[in-house]
Structure formats: structure tokens, C-alpha cells
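Each chain is listed here by its residues.
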Amino acid sequence: MNEIIILHLLLVFMIIGAFVTVEIKNMLSAVISIGAVGFALSMMFLFLGAPDIAITQVIVEILSLILLIRATVNVDNVAIEEKGESVFSNRTALIFVGIILVFAWIAFHSLPSFGEPLMRVSRFYLIHGLREVGATNFVTSVILDFRAYDTYGEAMVLFVSISGAFAILRRWKREQDKDFLRIDREH
Amino acid sequence: MKGKKQSGMTFIVKTITNLIIGFMMVFGAYVVLYGHITPGGGFPGGVMIALAYILITLAYGRKVVESMVSGVAGSVGDDIGALAIIILGFIGLWIGGTFLFNFLPKGTPFELFSAGHIIIYNLAIMLKVGMSLYIVFLALAILQRVVVTRNENEEN
Amino acid sequence: MTLYFLNFVLLIIGLYALVFKRHIVKKILGVAIMEYAVNLFLILLGFRKSGVPPILMKDMDMATFIRTAVDPLPQALVLTSIVIGLGTLALMVAMAIRLYERYGTFDMDEIKRLRG
């Protein structure tokens, strides 16, 4: 029973942190509070019995914070004031969000109750995993032997996205005159 | 009066970086190599090694870290990691009949060399993830001091 | 049951930031919050009350381990998803930096109005 209360408290903390991230005006504060949300998520993964995922989430969160701070620190830190009218008014947005939440509440009742997973496919992985693969970490044996195609696809997606980031950040010689800001670099 | 230009950060940051880099690299290698026994695997370990190089970049400056692992070497390491995954898959196809077949012998559990080809895949993924995140960080050029001057000809 | 619902509220907060904010980095933060919500939903599906993580220790009996282990399949999917999220975040940040160097502002409405 204690575990369930801790999970609820962490999830409420994450919702408050996400709300602070979205509404705050200073951009550096927004990046710091999304770091807090990410670390609380890693603690939730630890309480949910997934230590592999907790390690990966902490490390990826640190790297995301470094990348996001790079995007916000060299320039003015203040967010842009929301002026003018947007396409949907606030009242319409609240009505739609209310309808979605009501339907979500009805839909979540058809899931299996929390804490009793079905495990039809995973029972095969747990029973035959040690004999066919020999690894005692069953998550690694799933991602690198039973479902190795998904890991192969993930490595290729990471390759393509990093090549895309490179292609965007490269600058040609004649484009430097068209840029709005001329940036002088010194080491 | 001008002193000698210091690159990187203060002396305290450099000292702590000296003390902590070895530990980070060894821990990253441990998480990768024992990925089939303890939690971890190729992905967190690769990102840890990339973060070790990023720490050297932040503390000492770009020139020092580019003399250790240059941008070209990082890109080549990235490609070698991706190619190793594909070649090992084709070796599995040739030996076992399906792509990415587990063709190495499975020893006794809880040993380092049990679980077939998982350890080689973890090393290939570590090379790929670590090197690609390192070269993306070099490309974002976080340490260059940006002096911004507006281009006056483009006012209209 | 309320955990699934609170997780859905987190997803809606991320979607609100993506649609209604004008600063590009706020939109990127909204996408990151939505990724957290989706990964958390998958792990919540596989949780077993008073269960052990799916890692076999030296002195565990195999039958009780199969009966009380947490589901390893959603954890494998979420591991892939977290690393792909990092790759897409790097791409989005590169695009945001390039847009700032090209147009001089982070405001999406200004960028939509200036052409070329």
C-alpha cells in the first residue's frame, strides 16, 4: 500500500512540475523544471520495478538538459509574451479538454486492473529465456535476442536523426551573408 | 592589463574533472560489458562515455578534446558501430538461417561470456551511440563565444 | 486506475504546450513532456503489485520468479523509445538554433509572417 501512495505523490509532483514548465516566462527556469520532471520520472521507474529504464532515463535526461541549455543560453532568456488572439479561444479549449478527459476515464476502465498484468507473450520469454539465450537480465535478452529487429531499427533511426542534425547545422559559405545575425566565433 | 588567456573553466572544475573522468569511463565500460547480467546495456553505457568526453570539452575547451578524439575519428567510429551491427546480422543469416541469429555458444549463466552474441552487440551499440552523441555536441559548438552583430543591410 | 488518469493529464499538459505556445523551445518542452507521459503509460501497464524486477539473482527459485516478476516486454519497448526520443530532441534543437540564426527570433508567428 505504501508503494501506491508514493507513486501517486510522484505523479502529482510531475504534473505540478510540468505545469510550471509550461507557464513560466523565463526560459532557463523552464529548462530546469523539465529536468526536475525527468528525474522524478526516473524515480517512478525505480518504484515500478524497472531499474534498466531508470538508469537510461537519468542519463538521457542529463544529455537533454545540456542540449536544451545550449538552445536557450546564448540568446535572450525571456519568453515571448502571448499577445493577440489565438485561433481557438480559451473557453473552447477547456470544453474540448473536458470532453476528452471524460471519455478517457471511461476508456481506462476497460484496461486490466492496475497491478495484474496479462503477460501472455512475456510468459514465453520468461520461461524459455534462460535456456535459449543464457542471459539473466531478461530485458536485455528480449531486446537483443527475441526482438533484435527493433533494436536494429532503433540504431538506424538514431543514425538518421544525428545525420539530419549535422546536415542542418552545417553552413555553406555563401549563406553566411544572408543570415540575419552575423556570428563571429572565437575559441 | 592582460594576462594569459585561459581556455575552458576555472581551476576547481579542471581538478574535479581530472579526478572523475577515469571513474566515469570505467563505470560506463562496466555497464556495457555486464549488460546481460545487471541492468544497463549498450545504450546507457554509450551515453555515459559520450558524457565523459562532453565533460572534458566543457572543462578544458574544444582544442584539447579534439586532440584526443577528433571530429573525423568520432564520425568514423559512428559508422563502424552501425556497420558492425549489420555485418553481425548477416553472419547470423549465413550461419543460422535468420537475420540477427544468435550464433555464439551460450555458456553457464552469470558468467561474462554467456548469452551468445549479446556482448558484441552491446559493444557495437556503445560505439555507435557514444560517438554520434559526441560529434553532435561538437557540432553544436557550445563553447564558442558568440558575438552577435546585426546585419544592417537587411533592415528592409 | 487513477494513475492512468493522472498520466493522461500529463499528456494533455504537454499537448497544450505544443499547440498554444508561441516560443519554439516551449513547443520542444511540450513534446518532451508528451514523451514522458507515453513511456510512463507503457511501464504502468506492465506493473505487478509486490513484484520483483525481471532480473534473475543467484539464489532465486525459477518458479517463484516467473510467478512474481514484472512484465519485461513493455520495458524493452520503452528502452527503445527513450533513446529515440533523445535523437529527435537533438534534431529539434538543431532546427531551433538554425531558425534563430536565420530569422533572428524564436517566435513562431513572426517566422510564419516573414517569408524567405
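We now turn to the structure provided with this report. Model, not experiment: these values are computed from the prediction.

Cut-offs applied
- Residues numbered from 1 in each chain as written.
- Chains lettered and ligands numbered in written order.
- Predicted model: local features only at pLDDT ≥ 70, side-chain atom pairs only at ≥ 80, totals over all residues.
- Helix = DSSP H or I, 4+ residues; strand = E, 2+ residues; numbered from the N terminus.
- Contact = placed C-beta atoms within 7 Å.
- Buried ≥ 20, exposed ≤ 12 C-beta atoms within 10 Å, placed from the backbone.
- Nonpolar A, V, L, I, M, F, W, Y, C, P; charged D, E, K, R; others polar.
- Axes fitted to C-alpha atoms, helices over the stretch in contact; angles between N-to-C directions.
- Parallel < 35°, antiparallel > 145°, perpendicular 65-115°, else oblique.
- Expected span 1.5 Å × (residues − 1).
- Core = buried A, V, L, I, M, F, W, Y, C linked by C-beta atoms within 7 Å.
- Domains from an automatic or database assignment.

1. Some words on the overall build of chain A
Point 1. Helix and strand counts for chain A stand at 7 helices and 1 strand.
Point 2. Shown N-terminal to C-terminal, the secondary structure of chain A runs as helices and strands in the order α-α-α-α-α-α-α-β.
Point 3. A fraction of 42% describes how many contacts in chain A between residues 6 or more apart in sequence connect residues 24 or more apart.

2. Regarding unusual backbone geometry
Point 1. One non-glycine residue with positive phi stands out, namely A:Met119, at about 55 degrees.
Point 2. When you line up the elements, A:Met119 lands in the loop between α4 (90–108) and α5 (122–132).
Point 3. We classify A:Met119 as partly exposed; it has 19 C-beta atoms within 10 Å.
Point 4. You will see that C:Ser50, though not glycine, has its phi angle at about 50 degrees, which is positive.
Point 5. One can find C:Ser50 in the loop between α2 (24–45) and α3 (62–68).
Point 6. The class for C:Ser50 is exposed, based on 8 C-beta atoms found within 10 Å.

3. Comments concerning the interface of chain C and chain B
Point 1. Of the residues lining the interface, 5 residues belong to chain C; the matching set on chain B comes to 4 residues.
Point 2. The class makeup of the residues in the side of chain C that touches chain B is 4 nonpolar, no polar and 1 charged.

4. Looking at the packing of helix α2 (residues 27–47) of chain A against α2(C)
Point 1. α2(C) packs onto α2(A) with a crossing angle of 5 degrees between their chain directions and a minimal axis gap of 11 Å. It follows that α2(A) is roughly parallel to α2(C) by the angle criterion. Between α2(A) and α2(C), the contacting residues are A:Met27, A:Ala30, A:Ile34, A:Val37, A:Gly38, A:Leu41, A:Met44 and A:Phe45 on the first element and C:Val25, C:Lys26, C:Leu29, C:Ala32, C:Ile33, C:Tyr36, C:Leu40 and C:Ile43 on the second.

5. A word on α4(A)
Point 1. Its 19 residues place the ends of α4(A) 27 Å apart at the C-alpha level, agreeing with the 27 Å of an ideal helix rising 1.5 Å per residue.
Point 2. When you tally the buried positions in α4(A), you get 0 out of 19 residues, a small fraction of the element.

6. Details of the nonpolar core
Point 1. Core analysis: the biggest nonpolar cluster contains 108 residues, and B:Val47, C:Ile33, C:Ile43, C:Ala90 and C:Val93 have the highest contact counts within it.
Point 2. A domain split of this core shows at least three residues from each of domain 1 (1–79) and domain 2 (119–173) of chain A.
Point 3. Excluding its chain neighbours within four sequence positions, the residues that come into contact with C:Val93 are A:Leu67, A:Leu68, A:Arg70, A:Ala71 and C:Ile28.

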